[in-house]
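Understanding the architecture of this molecule
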Amino acid sequence: MGETDLATTLRKGFSDNFATAIESCLEALTPRQRADIQKLSGERAKTVYILTELGYGEEAIAEYTCTSVDSVRVTVNNNNKALSTIGEEPN
């Protein structure tokens, strides 16, 4: 297994662990948070959303998710766009 394969496997493992944690602790989330994560696609988006809601900063989220701060910023921005446009009628 090469270095790239190992990094990919580790990232997938972290994603799977966060997805499992989110699913097993849904009752700990507020109704709004539960509704919001249902609107987001992808485990990374959901993980970044929950960690942001829990008050973690971009640097900490990047560390937890084994990604860059820039990637976290893009995900937060995409989440905000997705959540703000849900339910809006197209022009």
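Residues numbered from 1 in each chain as written. Predicted model: local features only at pLDDT ≥ 70, side-chain atom pairs only at ≥ 80, totals over all residues. Heavy atoms only, no water.

Bringing the pattern of salt bridges into the picture now. Pairing is possible between side chains of opposite charge, provided their charged atoms come close. Under the counting rule described, the total for this entry stands at five salt bridges. We note a salt bridge from K39 to D36, for which the minimum N-O separation is 3.9 Å. A residue pair is termed a helical-turn pair when its members lie 3 or 4 positions apart in one helix, as K39 and D36 do in helix α2 (residues 31-39) at three residues. For K39, a relative accessible area of 39% gives the class partly exposed. Judged by its relative accessible area of 10%, D36 falls in the buried class. (Salt bridge = Lys/Arg side-chain N within 4 Å of Asp/Glu carboxyl O. Helix = DSSP H or I, 4+ residues; strand = E, 2+ residues; numbered from the N terminus. Buried < 20%, exposed > 50% of the residue type's maximum accessible area, 1.4 Å probe, protein only.)

Its place among the elements puts N79 in helix α5 (residues 69-85). A residue is classified by how much of its surface remains accessible, and N79, at 6% relative accessible area, is buried. A polar atom in the side chain of N79 sits 3.0 Å from the backbone oxygen of A45. Setting aside residues up to four positions removed in sequence, N79 forms contacts with L40, A45, V48 and Y49. (Polar contact = N/O pair within 3.5 Å; in protein donor to acceptor, adjacent residues only side chain to side chain. Contact = heavy atoms within 4.5 Å.)

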